[in-house]
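Descriptive structure summary
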Amino acid sequence: MAIDLSGMATNAQLKILCHFSELFPPEFSYNWLSESSLHRTFRLTIEAIDGPNIQMNSLTDSQLAASLKLASQAGAHEYLLVKNAYQAGVYSRSKGASDWQEIGLGDLEELATAQLKLALAAKRVFTVDIEGSMTVVDFSSNAPMPLSLAQLSAWLTSRDAVTKGRKGEVDRATEFEVASVAAWRCQMEGCGESLREHFSAGRRANYGYLAHIVASSPSGPRGDPAMSAALATVAENIMLLCDKCHRLIDRVAPDQYSADRLLAMREQNIAEVNRLLGALRFPAARAIVVGGNIEGQSVGFNLRAVEQAMWARKLRLADHVPLRFMANASNASVSTQAHYWQALFHSLKTEIPVLQNQLSGNAEGTAAAAQLAVFPTHVMSALALTGRLIGNATTVHLFQPNRNAAPDALGERWAWPATDGKPADPKRFRVEVSASSGAKEAGLLLYLTAALPDMELPFVGLPMVRIVAGESSHTAIAGQPDLDLLAVKIDEALRLLQDIWRVERIHCVLIAPASACVLFGQKLQARHHAPVRLYERERTLLGAPQRGAFVPTIDILPAQVSLPDSSASISFT
């Protein structure tokens, strides 16, 4: 549209900033709207500025071609190309007119060039060469010169060399680095178009571009005389873009995409790609294998089975090598004998600090464990102590050895029994209580694998709290849902003993799967608990009239573990 400048000062004119409505397609050019429709469609800001400058609208090749066609239909006779090394602005005027009217600024390519061919042949196209930004064009310092088709073709070739870069400029290693950090997708914010086909063997189509942030040529978009050559092959200065986005930043609207903006966009894209692709990885968990010599039987350990069991739980093994804990020697084999625990205490003085450092990230070269995978195979007292040490400060995945696991099960003996996806029965476990007589000590019995007559217990006559399974079995814990239900019942039992009965000591017998014993120990850490004395049963001799007696093994206190009736202790702090 023509703008009347007669009411303005001699050295002033109008600067019109047009904000396109999304209701119109990209090919819709505002130049040929009437003034009334322009005001209805766009939000205009008009201000007086010094000098004969006109700020132009950025267009793609197809938009520029459409605007040229509309200009021709509206009576345009001559055309002016104002161009720098990488971009062109197009103006027109009717026959006999002196003032040039803006058509658009942007990507002069095949479609727009085709619209100019007749005018070029008739010598009705002129040109002005400038340096630097095309955002604001000053007509006062440059006289238009006639432009031929050959001259336009030469400029297009030169422009392509500046914006597309020289063949072989970026080596294959850098090309791969740029493409891989972008996941072979366009790095323009909001685009993300897949460009993998361009990198497939045998494909030669220019489907993806390695676009320089600081141009490889000082005269290119965002070029820098001091830095362009040095940054031409640096991966951090290159973005992977689709053809459309590459043209946008280099030819259509380069002034809207500064080097700082593109650098920030590249960094944000890489971070987002890493975040999204990282979601494909299972969370890493540090594995802890709790396994020692149990009643003369050595505990085997299969790293492959551990990794497979974690994989089945959507976890992956961190650090590649699990931490072995309480791997007592073969000379300490009978858990009810004093020397067994004396020998284990001797090794625990070293092992407990190592475990605590692993959990807190104080070990050299390690970070605090975000998740743990615990594989327990030990006597029940040792497993409860392990749970007390591990606690609930981080996410803990407990695994259960399954003696009936199928040989081909993923995770072998660490595979949970098949439950056919059925939810855990909320009544699977219950808490049974005998009336409290105000005694200072009480018994806590975890009966999941089997239940015992009270007469066989070493603390007959004390008030009792029992956590029992509806059906005692070595498969009482069949999966994580069962552990979740059991955790609620353990909390209930401990709350009764400590908060209501306020006992000063808890005597505990655990007859339960390994994972349940570790879980019990974890629950001790969650409160300032009374001292807990754990018991193990002596081996019953063949032909003996009575089963072996229960023998106290360890006392777990809030801040230490100690041997009963002994000065031997290990602090937790």
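**Section: the sheet that holds strand S25 (residues 569-571)**
- Reading across from one edge, S18-S20-S19-S21-S22-S23-S24-S25 is the order of the 8 strands in this open sheet, with mixed pairing throughout. Edge positions in the sheet fall to strand S18 (429-433) and S25, since each has one partner strand and no second. On average, each strand axis in the sheet is inclined to that of its neighbour by 20°, with strand direction left out of account.
- Across the face of the sheet, helix H10 (residues 338-360) comes into contact with strand S23 (550-556), strand S24 (560-562) and S25 while running at roughly 15° to S25.

**Concerning the side chain of Thr-553**
- In this structure, Thr-553 sits in strand S23.
- Accessibility expressed as a relative area gives 2% for Thr-553, which makes it buried.
- Within the structure, Thr-553 has its side chain in polar contact with the side chain of Ser-381 (distance 2.9 Å).

**Some thoughts on the packing of helix H2 (residues 61-73) against helix H3 (residues 110-121)**
- Orientation of H2 relative to H3, taken along the N-to-C sense of each, is 20°, at an axis distance of 7 Å. Our classification of the angle between H2 and H3 gives roughly parallel. Regarding H2 and H3, the two cross each other, and that crossing is left-handed. Packed against H2, whose contacting residues are Asp-61, Ser-62, Leu-64, Ala-65, Leu-68 and Lys-69, the element H3 presents Glu-110, Leu-111, Ala-112, Gln-115 and Leu-116 at the interface.
- Its residues assigned to classes, the contact of H2 with H3 comprises 6 nonpolar, 2 polar and 3 charged.

**As for the sheet that holds strand S4 (residues 58-59)**
- Taken together, the 6 strands give an open sheet; going across it, the order is S4-S7-S6-S5-S8-S10, and neighbouring strands pair in mixed fashion. With partners counted over all chains shown, the strands left at the sheet margins are S4 and strand S10 (145-146), one partner each.

**Some remarks on the pattern of salt bridges**
- What the rule picks out here adds up to 22 salt bridges.
- Note that Asp-107 and Arg-159 form a salt bridge whose closest N and O atoms lie 3.8 Å from each other. Note that Asp-107 is positioned in the loop between strand S7 (101-106) and H3 and Arg-159 in helix H4 (residues 149-164), a separation of 52 residues in sequence. Neither Asp-107 nor Arg-159 differs from the other in exposure class; each is buried.
- Its salt-bridge partner being Arg-251, residue Asp-107 comes within 3.3 Å of it at the nearest N-O pair. Of this pair, Asp-107 sits in the loop between S7 and H3 while Arg-251 sits in helix H7 (residues 243-252), placing them 144 residues apart in sequence.
- Among the residues examined, Arg-251 registers a relative accessible area of 3% and is labelled buried.
- Here the salt bridges do not stand alone but share partners, grouping Asp-107, Glu-109, Arg-159, Asp-160, Asp-243, Arg-247 and Arg-251 into one network.

**Some thoughts on the nonpolar core**
- Leu-444, Leu-448, Leu-486 and Phe-520 are the most contacted members of the largest nonpolar core, which totals 65 residues.
- Setting aside residues no more than four positions away along its own chain, Leu-486 makes contact with Phe-429, Leu-446, Leu-448, Ile-467, Ile-477, Ala-516 and Leu-519.
- Core analysis: the second largest hydrophobic core is formed by 26 residues, Val-170, Cys-245, Tyr-257 and Leu-262 among them.

Cut-off values and rules
- Residues numbered from 1 in each chain as written.
- Predicted model: local features only at pLDDT ≥ 70, side-chain atom pairs only at ≥ 80, totals over all residues.
- Heavy atoms only, no water.
- Pairing = 2+ DSSP bridges.
- Helix = DSSP H or I, 4+ residues; strand = E, 2+ residues; numbered from the N terminus.
- Axes fitted to C-alpha atoms, helices over the stretch in contact; angles between N-to-C directions.
- Contact = heavy atoms within 4.5 Å.
- Buried < 20%, exposed > 50% of the residue type's maximum accessible area, 1.4 Å probe, protein only.
- Polar contact = N/O pair within 3.5 Å; in protein donor to acceptor, adjacent residues only side chain to side chain.
- Parallel < 35°, antiparallel > 145°, perpendicular 65-115°, else oblique.
- Left-handed = near helix turned anticlockwise from the far one by under 90°.
- Nonpolar A, V, L, I, M, F, W, Y, C, P; charged D, E, K, R; others polar.
- Salt bridge = Lys/Arg side-chain N within 4 Å of Asp/Glu carboxyl O.
- Core = buried A, V, L, I, M, F, W, Y, C linked by side-chain atoms within 4.5 Å.

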